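One letter stands for each residue in the lines below.
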Amino acid sequence: MSELPDRPDLDQLRRQARELLRAAADGEARAVTRLRAVSERVTLSAAQLAVAREHGYPSWPALKAEVERRRRLSRSAASLSLRGDVRGLLDAPGQWWSFGGATAIETAAGVLFPEALVVGPGGAALHASLTPSDNGQPAADRPRRLSASGALFGRWARRRRADAAVATMTTLARSLDDVTVVDNRGMRYTLRAEGMSGRSGRPGEPAGAMDVDLRLDPVPGRGVAWLELRSRGGATTRLLPSARAAVAVGQLAPVAVSQAERDLLDQALWLIELQLTNAGEAAEDILRQYCPAALARVAQAQRSGELDPASELPDQVRLLCAVLTEGRPADRLPLSWSGMLDAGRRADGPGHHLDIGAALPPIDGVAVQVDSLISWPGSWRLYLRAMPGWWDYSEDRRRKWAPVSVYAEDDRGGTYVSGFGGSTGHGDHEELALSFQPRLDPLAHALLLTFRGASEEVPADITLESTVGSQRQ
């Protein structure tokens, strides 16, 4: 078995696999023997699997994950040597807090719902959603639903949605002048718009609510009892300080599932997220597009020998696609999956706004600080900071991925799927939000969050407590 160097080069490993494939195709005896040790097929995936096994890894994705982990660890170590202690970089937990519990107010741009105000030494970020008035466009300019199809219509629809988002952002920026923010001490604040992202809808139709990032100036003091938003039309809503949750962070441990199993599990959770975050025909169209890719990944994993032959995941993913695209019953799916899909019948989740302030041990070179949890009837979010950053990039910077995944389960056995909710880079760290579906179970008293890297993971237990009406006035 060949030892992987301390600083492995993925491109070099790819070249080794291609050279092995060429040699085997040319009939070189040693190359054929190496390939036949893992597969009867003379393919690139078989050559990659052979290279991975020769370096002591069960699959090519596992080898790639280890290469990326070592690269990130090396970069993180260099960053730490230049910038000092992780806790110093991310600041003490007590220096970060949040406000929540607001209701929606009407503005000139539409209905604004302030979801959470996260406050730290660098500023105060207000995360909100906006349901635009007529999608932010005059009636004459709103796109009509057309029956055209194809690439030309797709480009037109994307351009119209982009134009609508720009129009909405412009209207919001202007309408913020009509929103007054005051606190219990009489201090006045200003809001400014920093970013907006749309949620999926069918081409030619309004996209629905938009995610909006706002900045509040100046930064509220630690003793502020409430912040009130007032529109010119007389509507008001209050943000209240968040309660402190009880948190228990566990120890780092090796990841229990294989990389191939994790890949298929992530594929399944991603498909469920698409179902939960889109509606009606839009969800059907999207899932018909992406299910074939998930099924192709299942077939590839089985052909390459990456999966345990006894694994039930391939059949479960196939059944999930049938449920999502063909309307098959979900009763044969794993309970955790069918429970998420059935969440629409669940009563609305409770409102929580909790400060967590938990620093996790570095996971594969990523240091994470969990700052706040905010929930409302439809979904919930975690607000995090990551050092040196949440994303990892390919050498050419054309691809990016999150090397740490977050899995959530409540104390009643319910599971939740996470999606990216936006981020802001700050040089030595990144602030971000993760959005979770479905809504929280009203009867749940605790959440178990598992932060999982390529080779190691750490659990964090969070006690949920109702904060509605419990804040000081």
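Residues numbered from 1 in each chain as written. Predicted model: local features only at pLDDT ≥ 70, side-chain atom pairs only at ≥ 80, totals over all residues. Heavy atoms only, no water.

### Focus: the overall build of the chain
Within the chain, the regular secondary structure consists of ten helices and 22 strands. Evaluated residue by residue, the chain yields a buried proportion of 48% over its 473 residues. Within the chain, contacts between residues separated by at least 24 positions form 63% of all contacts whose residues are at least 6 apart in sequence. Accessible area for the chain stands at about 22400 Å²; split by element, carbon and sulfur atoms hold 49% of it. (Helix = DSSP H or I, 4+ residues; strand = E, 2+ residues; numbered from the N terminus. Buried < 20%, exposed > 50% of the residue type's maximum accessible area, 1.4 Å probe, protein only. Contact = heavy atoms within 4.5 Å. Areas by Shrake-Rupley, 256 points an atom, 1.4 Å probe, with all protein chains shown as cover.)

### Section: helix 1 (residues 10-25)
Across its 16 residues, helix 1 extends 23 Å between first and last C-alpha, which sits within 8% of the 22 Å expected from 1.5 Å per residue. Where helix 1 begins, the capping side chain belongs to aspartate 9, and its oxygen is found 2.9 Å from the backbone nitrogen of aspartate 11. Glycine 27 sits one or two positions beyond helix 1 and adopts a positive phi of about 85°. (Expected span 1.5 Å × (residues − 1). Polar contact = N/O pair within 3.5 Å; in protein donor to acceptor, adjacent residues only side chain to side chain.)

### Points about the packing of helix 1 against helix 2 (residues 29-36)
Two packed helices can be described by the angle between their axes and the distance between those axes. Between helix 1 and helix 2, the least distance of the axes is 7 Å, while the angle of their chain directions is 115°. Between helix 1 and helix 2, the angle is such that the two are roughly perpendicular. Between helix 1 and helix 2 lies a crossing of left-handed hand. Residues Leu20, Ala23 and Ala24 of helix 1 pack against Ala31, Val32, Arg34 and Leu35 of helix 2. (Axes fitted to C-alpha atoms, helices over the stretch in contact; angles between N-to-C directions. Parallel < 35°, antiparallel > 145°, perpendicular 65-115°, else oblique. Left-handed = near helix turned anticlockwise from the far one by under 90°.)

### Some words on the pairing of strand 3 (residues 110-120)
Most of strand 3 sits out of view: nine of its eleven residues are buried. Across three bridges, strand 1 (residues 97-100) lies against strand 3 in antiparallel orientation. Directly across from serine 98, in strand 3, lies its bridge partner valine 118. Strand direction decides the pairing type here: strand 2 (residues 105-107) and strand 3, joined by three bridges, are antiparallel. (Pairing = 2+ DSSP bridges.)

### Description of the confidence of the model for the chain
Mean pLDDT over the chain: 80, with 81% of residues reaching 70 or higher. Model confidence for the chain, summarised as mean pLDDT per element, is weakest for helix 5 (residues 86-90) at 50 and strongest for strand 21 (residues 446-452) at 95. Confidence over residues 79-84 falls short of pLDDT 50; this stretch has nine contacts with residues more than four positions distant or in other chains. With pLDDT under 50 throughout, residues 135-154 is counted as low confidence; its partners more than four residues away or in other chains account for 27 contacts. (pLDDT = per-residue confidence, 0-100.)

### Remarks on the pairing of strand 5 (residues 179-183)
Burial within strand 5 is extensive, with four of its five residues counted as buried. Direction of pairing for strand 5 relative to strand 8 (residues 227-231): antiparallel, over a ladder of five bridges. Pairing of aspartate 183 across the sheet is with leucine 227, part of strand 8.

### Describing the pattern of salt bridges
Counting across every chain of the model gives 19 salt bridges. For the salt bridge of arginine 14 with aspartate 11, the shortest nitrogen-to-oxygen distance reads 3.0 Å. Within this pair, arginine 14 and its partner aspartate 11 are both found in helix 1, separated by three residues, close to a single helical turn. Among the residues examined, aspartate 11 registers a relative accessible area of 36% and is labelled partly exposed. Aspartate 211 serves as the salt-bridge partner of arginine 381, at 3.6 Å between the closest nitrogen and oxygen. In this pair, arginine 381 sits in strand 15 (residues 380-387) while aspartate 211 sits in strand 7 (residues 210-217), placing the two residues 170 residues apart along the sequence. Accessibility expressed as a relative area gives 5% for arginine 381, which makes it buried. By sharing partners, the salt bridges in this structure join Arg192, Glu194, Arg215 and Asp217 into a single network. (Salt bridge = Lys/Arg side-chain N within 4 Å of Asp/Glu carboxyl O.)

### Overview of the nonpolar core
Most often, soluble globular proteins have nonpolar side chains that are buried together. Counting 33 residues, the largest nonpolar core has Leu360, Val370, Trp380, Leu382, Trp390, Phe436 and Phe451 as its most contacted members. Within the residue set of this core, elements represented by two or more residues are strand 13 (352-359), strand 14 (367-375), strand 15, strand 18 (405-410), strand 20 (430-437), strand 21 and strand 22 (456-463). Residue contributions to this core peak at four residues, all from strand 15. Ignoring sequence-local partners within four residues, the contact set of tryptophan 380 consists of Leu373, Ile374, Ser375, Ala408, Tyr416, Leu434, Ser435, Phe436, Pro438, Leu440, Leu447 and Leu449. (Core = buried A, V, L, I, M, F, W, Y, C linked by side-chain atoms within 4.5 Å.)

### A word on the packing of aromatic side chains
The relative placement of two aromatic rings is captured by the distance of their centres and the angle of their planes. One pass over the structure, following the stated rule, counts five aromatic pairs. Between tryptophan 380 and tyrosine 416, the aromatic rings sit 5.5 Å apart at their centres with planes inclined by 80°, giving edge-to-face as the arrangement. Taken as a pair, tryptophan 380 in strand 15 and tyrosine 416 in strand 19 (residues 415-425) lie far apart in primary sequence, 36 residues in all. Both residues of the pair, tryptophan 380 and tyrosine 416, belong to the buried class. Ring-pair connections join several aromatic residues into one group, and the members of that group are Trp380, Tyr416 and Phe436. The ring of tyrosine 407 is capped by arginine 452, whose NZ or CZ atom sits 4.6 Å from the centre of that ring. (Phe/Tyr/Trp six-rings, centres within 6.5 Å; stacked < 30°, edge-to-face > 60°. Lys NZ or Arg CZ within 6 Å of the ring centre and 35° of its normal.)

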